[in-house]
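Architecture at a glance
As a plain string of letters, each chain reads:
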There are 2 protein chains.
Amino acid sequence: MARTTDGDGTPVPQRLLAAATRLFAERGYDRTSVQEIVEAAGVTKGALYHYFGSKDDLLHEVYARVLRVQQERLDAFAGADEPIEKRLRGAAADVVVTTIENLDDAMIFFRSMHHLSPEKNKQVRAERRRYHERFRALVEEGQEAGVFSKATPADLVVDYHFGSVHHLSTWYRPDGPLTPQQVADHLADLLLRALRP
Amino acid sequence: MARTTDGDGTPVPQRLLAAATRLFAERGYDRTSVQEIVEAAGVTKGALYHYFGSKDDLLHEVYARVLRVQQERLDAFAGADEPIEKRLRGAAADVVVTTIENLDDAMIFFRSMHHLSPEKNKQVRAERRRYHERFRALVEEGQEAGVFSKATPADLVVDYHFGSVHHLSTWYRPDGPLTPQQVADHLADLLLRALRP
DNA sequence: AGGCCCAGACTAACCGGTCGGTATGTATCT
DNA sequence: AGATACATACCGACCGGTTAGTCTGGGCCT
């Protein structure tokens, strides 16, 4: 057996990250001790600090992963060869589905920002801002084209929608009556309906 | 000088609660030490543990205050003698203004739920649920009356709106271009527009 | 004189991070 | 093909520092 996959087949760094993600979402960053993380991953502190510089680094990795995935998916929808209405709806619904499918990530994302070191916090904010602006551009494009109402500033529209996405981790339960896709359709629908001229 | 108002004119318990609120919002519950709270309030631990049973109690007080104020205000708008559209719009806009005027409370509310003890957490959730249901009743009333679209379940509509309220503490800055009232008008507008039949 | 209010020293638990050391794999040379 | 030399992966004991909460004592008001 190779050392790096001792136990199951998953490499140690990924096991650590997975364990940390679950625990951070479950009890919060500060309430999760490094000892608990390494125990959940089936290794010891030595292994953790071999792969990660600090507990903070572990949290930063969660953010980096989420941001990368979201940016990629948004780009795919925004760049599609479709009318603006469809592109915005697609992107708006997709971010809902993706968020629900990774509720732990969402929980951590909005709850633990202030636990990042100042420079990492700044970096995450910058990346997040780029994402926001990309999304806003879609709204503005529709407004310019006369397809969406200009009654509300595009910035606010984006924050309105992402507020509801943010909120998902608070109320959505996998054992509830609605599937992720159904929730996504409804929320995208609300957005598009609010934007009707 | 009376002992309970040593320093300025504010009673010690309120000074402690105010200091705790500010610090919890600023650095988070876990990152705020009891020592910092008592120093900010100009007293010592003896005073804090004379009035509050635990650090957790202090946090619970913040939640109790927010919930009480919000419930009262919602009741006032919901019970007014106005058409349903006006009542919902009034309530929706008011919660935005109130939230912005107490951004620290909002920050704490959604970020620190999991720091409450299990039974207090349960209590807060129950109270929160009552608030949600009161708000949902307004939406349903409008839907029944045919004034609002039935395309989206009322529950989801409420969560959509409160998502954006929740999100305010993340992006709203008092030195930004929009006044609290302007933001409230826009967000209430988006809600009502989404509900157009 | 007795009770409310509070100061401040103290404690027991815990936490993130470090460090010396070990085991296993790989590259190179003979 | 075997030996030597080094790199990588990981263990687990340990340390300095911090924390929430306790306790004893004293001052001020009624």
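Predicted model only: the values in this text are computed from it and were never measured. (Residues numbered from 1 in each chain as written. Chains lettered and ligands numbered in written order. Predicted model: local features only at pLDDT ≥ 70, side-chain atom pairs only at ≥ 80, totals over all residues. Heavy atoms only, no water.)

1. Regarding the overall build of chain A
Spelled out, the test is: Only DSSP runs of H or I covering at least 4 residues are called helices, and only runs of E covering at least 2 are called strands; the numbering of each starts at the N terminus. Only protein chains enter the accessibility calculation, which uses a 1.4 Å probe; a residue whose area is less than 20% of its type maximum is buried, one above 50% is exposed, and one in between is partly exposed. In what follows, a contact means two residues having at least one pair of non-hydrogen atoms within 4.5 Å.
Across its full length, chain A holds nine helices and zero strands. When the helices and strands of chain A are placed in sequence order, the string is α-α-α-α-α-α-α-α-α. Dimensions of chain A, computed from the C-alpha atoms along their principal axes, are close to 60 × 40 × 30 Å. Put simply, chain A has 197 residues, and 52% of those count as buried. Residue pairs in contact within chain A that sit at least 24 positions apart in sequence constitute 67% of those at least 6 positions apart.

2. Points about the interface of chain B and chain A
To keep it simple, the criterion reads: Accessible-area loss on putting two parts together, using a 1.4 Å probe and summing over both, is the definition of buried area adopted here. One side-chain nitrogen of Lys or Arg within 4 Å of one carboxyl oxygen of Asp or Glu is enough to make a salt bridge. Here a polar contact is recorded for every N or O atom pair within 3.5 Å, except that within protein the pair must consist of a potential hydrogen donor and a potential acceptor, and residues adjacent in sequence are included only if both atoms are side-chain atoms. Each residue gets one of three labels, nonpolar for Ala, Val, Leu, Ile, Met, Phe, Trp, Tyr, Cys and Pro, charged for Asp, Glu, Lys and Arg, and polar for the others, Gly among them.
Each partner contributes to the interface: chain B provides 38 residues, whereas chain A provides 38 residues. It is B:Leu156, B:Tyr160 and B:Leu190 in chain B that bury the most area against chain A; as a group they hold 21% of the surface buried on that side. Where chain B packs against chain A, one counts two salt bridges. One can count 13 residue pairs in polar contact (both at pLDDT 80 or more) joining chain B with chain A. Looking at the side of chain B that touches chain A, the elements that each hand over two or more residues are α6 (103-111), α8 (154-171) and α9 (180-195) of chain B. Classifying every residue of the side of chain B that touches chain A by side-chain character gives 16 nonpolar, twelve polar and ten charged.

3. Digging into the protein's contact with DNA strand C
Put simply, the rule is: Being near a molecule or strand, for a residue, comes down to having at least one heavy atom within 4 Å of it.
For DNA strand C, the set of nearby residues contains 17 residues, the closest of which are A:Lys45, A:Tyr49, A:Lys55, B:Thr44 and B:Tyr51. Backbone atoms, meaning sugar and phosphate, make up 69% of the atoms of DNA strand C lying within 4 Å of the protein. Within the contact set of DNA strand C, a phosphate oxygen lies 3.2 Å away from a backbone nitrogen or oxygen of A:Thr32. The contact in question runs from a base oxygen of DNA strand C to an N or O atom on the side chain of A:Lys45, over 2.6 Å. Secondary structure elements with two or more residues in the surface near DNA strand C: α3 (45-51) of chain A together with α3 (45-51) of chain B.

4. Structural notes on the relation of the copies chain B and chain A
Between the two copies of this chain, the relationship is a rotation about some axis together with a displacement along it. Stated precisely, the cut-off is as follows: The copies are overlaid by a least-squares fit using only the C-alpha atoms of residues whose pLDDT is at least 70 in both copies.
When chain B is fitted to chain A, the best match, at an RMSD of 0.1 Å, comes from turning it 180° and sliding it 0.0 Å along the axis. The transformation just described matches what one would write down for a two-fold rotation axis. By residue overlap, the copies meet face to face through one surface: 100% of the interface positions of chain B are interface positions in chain A.

5. Considerations on the nonpolar core
Quick reminder of the rule: Buried Ala, Val, Leu, Ile, Met, Phe, Trp, Tyr and Cys residues form a nonpolar core when they are joined through side-chain atoms within 4.5 Å.
Counting residues in each nonpolar core, the largest one holds 70 residues, and the members touching the most others are A:Val96 and B:Val96. Sequence-distant contacts of B:Val96, that is, excluding residues within four places in its chain, are made with B:His161, B:Val165, B:Leu168, B:Val183, B:Ala184 and B:Leu187.

6. A short note on the UniProt feature "domain: HTH tetR-type" (unreviewed entry) in chain A
Quick note on the threshold: UniProt positions are given in the numbering used here, feature names are shortened, and annotations may be inferred rather than shown by experiment.
Taking the numbering used here, the UniProt-annotated feature "domain: HTH tetR-type" (unreviewed entry) corresponds to residues 10-70 of chain A. Helix makes up 77% of residues 10-70 of chain A and strand 0%, whereas the separation of the span's terminal C-alpha atoms amounts to 24 Å.

7. Side note on the environment of A:Val62
Residue and element names in this part refer to chain A. Among the secondary structure elements, Val-62 is positioned in helix α4 (residues 55-78). Between the C-alpha atom of Val-62 and that of Ala-18, which follows or precedes it by 44 residues, the distance is 9.1 Å. Apart from residues lying up to four places away in sequence, Val-62 is in contact with Leu-17, Thr-21, Asp-105 and Ile-108.

8. Remarks on the packing of helix α5 (residues 84-101) of chain A against helix α7 (residues 118-144) of chain A
Residues and elements named next belong to chain A. Defined as follows: Each axis is a line fitted through C-alpha atoms, taken for helices only over the stretch in contact, and angles between the N-to-C directions span 0 to 180 degrees. For a crossing to be left-handed, the near helix must be turned anticlockwise from the far one by less than a right angle; the clockwise case is right-handed.
It is at 9 Å that the axes of α5 and α7 come closest, and there the two elements cross at 145°. Crossing of α5 against α7: the hand is left-handed. Of α7, the residues touching α5 (which contributes Ile-84, Arg-87, Leu-88, Ala-91, Ala-92 and Val-95) are Tyr-131, Phe-135, Leu-138, Val-139, Glu-141 and Gly-142. A class-by-class count of the residues in the contact of α5 with α7 yields nine nonpolar, one polar and two charged.

9. Looking at the domain arrangement of chain A
Residue and element names in this part refer to chain A. This is how it is decided: Either an automatic procedure or a domain database provided the assignment from which the domain bounds are taken.
Domain boundaries assigned for chain A yield domain 1 (3-51) and domain 2 (55-195). Centre-to-centre, using C-alpha coordinates, domain 1 lies 28 Å away from domain 2. Across the boundary between the two partners, domain 1 contributes 13 residues, which contact 14 residues of domain 2. Across the domain 1 to domain 2 interface the summed buried area is about 1200 Å²; carbon plus sulfur atoms make up 69%. Three residues, Leu-17, Ala-25 and Tyr-29, lead the burial of domain 1 against domain 2; their summed loss comes to 49% of the area buried on that side. Our enumeration of links across domain 1 and domain 2 arrives at five residue pairs in polar contact (both at pLDDT 80 or more). Of all the elements in the fold, those that place two or more residues in the side of domain 1 that touches domain 2 are α1 (12-27), α2 (34-41) and α3. Here the residues of the side of domain 1 that touches domain 2 sort into nine nonpolar, two polar and two charged.

10. Some remarks on the confidence of the model for chain A
What counts, and what does not: Confidence of the predictor at the level of single residues is captured by pLDDT, which takes values from 0 to 100.
Averaged over all residues, the pLDDT of chain A is 92; the fraction at 70 or higher stands at 95%. In the model, residues 1-7 of chain A has pLDDT below 50 throughout and makes nine contacts with residues more than four positions away in sequence or in other chains.

11. A look at the side chain of B:Asp105
Mapping B:Asp105 onto the fold places it in helix α6. Each residue touching B:Asp105, except ones within four places of it in the same chain, is listed here: B:Thr21, B:Val62, B:Arg65 and B:Val66.

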